[in-house]
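Breakdown of the fold
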Amino acid sequence: MLSPVSRILHPGLRSRLMSADDAARLIHHGDHVGMSGFTGAGYPKLVPQALARHIQQQHDAGKEFRIGLWTGASTAPELDGALAKVGGMDMRLPYQSDPTCRARINAGEMAYTDIHLSHVAQYVWFGFLGKLNVAVIEVAGILEDGRLIPATSVGNNKTWLDQADKVILEVNHGHPLALEGMHDIYYGTERPPYRKPIPMTHAGERIGTPYLHCDPTKVIAVVETNLPDRDTKFSAPDDASRRIAGHLMDFFQQEVKLGRLPAELLPLQSGVGNIANAVLESLNDGPFTGLQGYTEVLQDGMLALLKSGKMRMASSTAISLSSEVMKEFNDHLDFYRDRIVLRPQEISNHPEVIRRLGLIAMNGMIEADLYGNVNSTHVMGTRIMNGIGGSGDFARNAYISIFMTPSTAKGGSISCIVPMVSHVDHTEHDVQIIVTEQGLADLRGLAPRQRSRLIIERCAHPDFKPALLDYVERAEAAGRSGQGGLHTPHLLQEALSWHARYETTADMRPR
């Protein structure tokens with residue numbers, strides 16, 4: 001165990017202590033750099049900012065300096081924002097949410113590869129992405145034998161430490177030492193053809209070790225910090241979010257009544273954001289007990305379920321909380337450590353485990369079309385928002401796959417139910433339930449033409465229902481006259497006309 005004074009007990013690694021600026025200078029132009037961090041949790045705080053300063057100095061001197069940045073998911077302004085501001089990234093993967101980063105990607109100034117989060121670690125192991133030169137990993141401490149106490153996220157850290165030629169560790173005194181023991185790092189994965197089943201049969205099962213392993217000879221620098229994670233802010237649920245949550249509570253109760261869900265439901269996966277937290281808040285006020293979570297990000301709503309006793313345990317790869325709820329978490333870590341397991345994202349998001357456990361997957365979207373295809377990443381089909389994240393990992397393999405959104409956006413000028421989505425992330429085959437504040441459409445077992453009527457009836461905003469119904473009726477009439485098929489009827493010259501109208505007039509509403 002670490003003492004509150006010393007967090008670096010390995011003598012050899014303690015001898016490699018240096019400033020963040022000195023550590024950053026050990027990263028070179030053209031390097032692929034794997035950094036810790038998952039949805040604003042457990043990311044390095046000082047080295048990325050020092051690296052941004054170093055890159056700016058090189059650019060000011062007329063020298064080229066850019067890196068490829070790989071993480072677990074989104075990070076924070078001190079990492080993504082700092083490097084994007086100085087034009088320090090030539091490639092970013094697998095997920096981002098920083099506004100400067102997003103602007104550079106959409107301006108064509110930076111390449112971005114959007115990857116399912118469960119795929120990233122294995123792609124690196126397979127060599128699909130090239131060599132990982134440097135890993136920069138935040139940890140809570142280093143034990144005498146070199147084992148690392150993970151911080152508030154695990155993400156891809158195990159893979160970065162294994163695969164990188166060189167490692168820089170940030171030891172953050174800002175994380176409580178009581179985090180030790182909360183993590184479960186599984187080292188049993190292999191490359192094909194030597195893979196074996198992951199030995200997990202329930203959401204709370206521990207199959208690994210509480211520590212990360214790293215060859216000490218690869219560690220080229222250790223930097224000490226004492227800084228908090230990014231403050232993740234959540235708005236209070238608005239009327240639309242509460243109505244979406246209400247539709248889902250009714251659906252869950254009906255599924256239990258029909259015997260398609262057990263009384264304690266099945267393990268819950270919840271995407272990020274205010275709607276997801278509204279659903280979790282409703283679960284806290286609802287009739288269900290004995291809940292379990294198996295997700296990729298543990299947010300305020302799920303912690304509240306654990307605190308109230310409605311949820312027995314939660315598995316995740318990261319803890320991303322508001323500052324108020326983070327204080328609650330830190331003040332009662334002994335309580336939460338027995339109820340939370342943090343895993344590598346290759347396990348938290350693994351399709352085999354998701355299907356075996358039978359998850360209820362609840363994720364947000366930008367838009368859905370009449371037949372159940374979902375766009376969760378691109379605004380008007382061309383501008384990336386954040387990325388697919390883990391939603392595809394969960395949606396395709398869940399027991400029940402749910403996508404949620406308000407029915408309109410931009411003050412009602414955009415319909416989130418459209419004739420054809422402008423970009424497809426989740427095909428109709430992976431989407432079972434669509435929910436807006438207007439209602440819930442259960443698409444299971446329905447043919448495309450049946451889906452279209454149900455989605456319009458249950459999910460579309462009244463301002464757009466007549467136009468949607470008119471579109472599908474005319475598409476079907478065209479099919480009957482031999483102009484196209486009747487399985488999934490479309491008017492190809494009009495299918496994306498709503499998006500085109502918005503790009504021209506800033507309003508989708510039919511004229």
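What this report covers is the structure whose coordinates are included nearby. Only a predicted model underlies this, so the values are computations on that prediction, with no experimental measurement involved.

**Describing the overall build of the chain**
Looking only at helices and strands, one finds 18 helices and 23 strands in the chain. Against the 2.2 N^0.38 benchmark of 24 Å for 511 residues, the chain shows a C-alpha radius of gyration of 24 Å, consistent with a compact globule. In terms of overall dimensions, the chain has a C-alpha envelope of 80 × 60 × 45 Å along the principal axes. Across the 511 residues of the chain, 58% fall into the buried class. Nonlocal contacts in the chain, meaning residues at least 24 apart in sequence, comprise 73% of its contacts between residues at least 6 apart. Of the roughly 19600 Å² of accessible surface on the chain, 51% is carried by carbon and sulfur atoms. Computed over 50 positive and 57 negative side-chain charges, the inter-centroid distance for the chain is 2 Å.

**Description of the sheet that holds strand S21 (residues 417-418)**
Read from one edge of the open sheet, three strands run S15-S14-S21, paired in mixed fashion. At either end of the open sheet lies a strand with only one pairing partner, and these are strand S15 (374-375) and S21. As paired elements, strand S14 (residues 367-369) and S15 share two bridges and run antiparallel to each other. Each residue of the ladder has a partner; that of Glu367, found in S15, is Asn375.

**Looking at the nonpolar core**
Counting residues in each nonpolar core, the largest one holds 66 residues, and the members touching the most others are Leu248, Phe252, Leu283, Phe329, Ile340 and Ile402. The element best represented in this core is helix H8 (residues 239-257), accounting for six residues. Setting aside chain neighbours within four positions, we find Phe252 in contact with Leu261, Leu265, Leu283, Phe288, Ile360, Met362 and Ile402. Core analysis: the second largest hydrophobic core is formed by 39 residues, Ile27, Ala82, Met110 and Leu117 among them.

**Some points on the pattern of salt bridges**
Tallied over the full model, the rule gives 27 salt bridges. For Asp22, the salt bridge goes to Arg25, with nearest N and O atoms at 2.4 Å. In this structure Arg25 comes out as partly exposed when scored by relative accessible area, which is 43%. Between Glu476 and Arg453 there is a salt bridge; the shortest N-O distance is 2.7 Å. You can see Glu476 sitting in helix H17 (residues 465-480) and its partner Arg453 sitting in helix H16 (residues 448-459), a full 23 residues away along the chain. Note on Glu476: relative accessible area 5%, which makes it buried. Judged by relative accessible area, Arg453 falls into the partly exposed class, the value being 32%. Taken together, the shared-partner salt bridges in this structure form one network comprising Glu255, Arg260, Asp442 and Arg444.

**A few points about the pairing of strand S10 (residues 291-294)**
Side chains Leu291 and Gly293 of S10 all project onto a buried face; the interleaved residues Gln292 and Tyr294 project onto the opposite face, where all are buried too. Pairing geometry for S10 and strand S11 (residues 311-316), over four bridges, is parallel. Each residue of the ladder has a partner; that of Leu291, found in S11, is Met311.

**Quick word on the packing of aromatic side chains**
This structure, assessed with the given rule, holds eight aromatic pairs. Where Phe251 meets Phe252, the ring centres are 5.9 Å apart and the plane angle is 50 degrees; that geometry is what we call tilted. On the basis of relative accessible area, Phe251 is assigned to the buried category, the value being 7%. A relative accessible area of 0% means that Phe252 is categorised as buried. Feature note: the residues Tyr123, Phe126 and Phe128 constitute an aromatic cluster, connected by ring pairs.

**A word on the packing of H16 against H17**
Running from N to C, H16 and H17 point in directions that differ by 165 degrees, and their axes come no closer than 9 Å. When the axes of H16 and H17 are compared, the pair comes out roughly antiparallel. Crossing of H16 over H17 shows left-handed handedness. Counted together, Arg449, Ser452, Arg453, Ile456 and Glu457 of H16 and Lys465, Leu468, Leu469, Val472, Glu473, Glu476 and Arg480 of H17 form the full contact between these two elements.

**What to know about the pairing of strand S5 (residues 134-142)**
Counting buried residues in S5 gives nine out of nine residues, a clear majority hidden from the surface. Sheet topology note: the strand S1 (residues 32-35)/S5 ladder contains three bridges and is parallel. Across the sheet, the residue bridging to Val33 is Val134, located in S5. Where S5 hands over to strand S6 (residues 148-150), the hairpin turn is made up of five residues, of which Gly146 adopts a positive phi near 95 degrees.

**Some points on the environment of Arg242**
Looking at the element boundaries, Arg242 is found in helix H8. Look at Arg242 and you get partly exposed, because its relative accessible area is 46%. As a C-alpha pair, Arg242 and Val272 span 30 residues in sequence and 16 Å in three-dimensional space.

**Description of the side chain of Arg451**
Along the chain, Arg451 turns up in helix H16. There is a polar contact of 3.2 Å between the side chain of Arg451 and the backbone oxygen of Tyr371. Apart from residues no more than four positions distant in its own chain, Arg451 is found in contact with Leu370, Tyr371, Glu428, Leu443 and Leu446.

Cut-offs used in this document
Along each chain, numbering runs from 1 in the same order as the chain's sequence is written. Note on the predicted model: pLDDT of at least 70 is required for a residue's local features to be given, and 80 or more for side-chain atom pairs to be given and counted; whole-chain, interface and lining totals, by contrast, use all residues. Each side-chain value is worked out from all heavy atoms of the structure, with water and hydrogens disregarded. The helix count covers DSSP runs of H or I at least four residues long, the strand count covers runs of E at least two residues long, and both are numbered beginning at the N terminus. The quantity called the radius of gyration is restricted to C-alpha atoms. Its globule counterpart is 2.2 Å times the number of residues to the power 0.38. Between buried and exposed lies partly exposed: a residue is buried under 20% and exposed over 50% of the maximum accessible area for its type, with that area taken using a 1.4 Å probe on protein chains only. By definition, residues are in contact when any of their heavy atoms lie within 4.5 Å. To measure how exposed things are, a 1.4 Å probe is used in the Shrake-Rupley method; for residues, cover is taken only from the protein chains shown. When charges are counted, Lys and Arg contribute as positive and Asp and Glu as negative, whereas His and the chain ends are disregarded. Every charge is mapped to an atom, namely NZ of Lys, CZ of Arg, CG of Asp or CD of Glu. A pair of strands is treated as paired once DSSP finds two or more bridges between them. Only buried Ala, Val, Leu, Ile, Met, Phe, Trp, Tyr and Cys residues count toward a nonpolar core, and they belong to the same one when joined by side-chain atoms within 4.5 Å. What counts as a salt bridge is simple: a side-chain nitrogen of Lys or Arg found within 4 Å of a carboxyl oxygen of Asp or Glu. We call Phe, Tyr and Trp rings a pair once their centres come within 6.5 Å, taking the six-membered ring for Trp, and we label the pair stacked below 30 degrees between planes, edge-to-face above 60, and tilted otherwise. For helices, the fitted line uses only the C-alpha atoms of the stretch in contact; every axis is such a line through C-alpha atoms, and the angle between N-to-C directions lies from 0 to 180 degrees. In what follows, roughly perpendicular refers to angles from 65 to 115 degrees, roughly parallel to angles under 35, roughly antiparallel to angles over 145, and oblique to any angle outside these ranges. If you view the pair so one helix is near and one far, a crossing is left-handed when the near helix is turned anticlockwise from the far one by less than a right angle, and right-handed when it is turned clockwise. Definition of a polar contact: a pair of N or O atoms within 3.5 Å, with one able to donate and the other able to accept a hydrogen when the atoms are protein atoms, and with sequence-neighbouring residues admitted only if both atoms are side-chain atoms.

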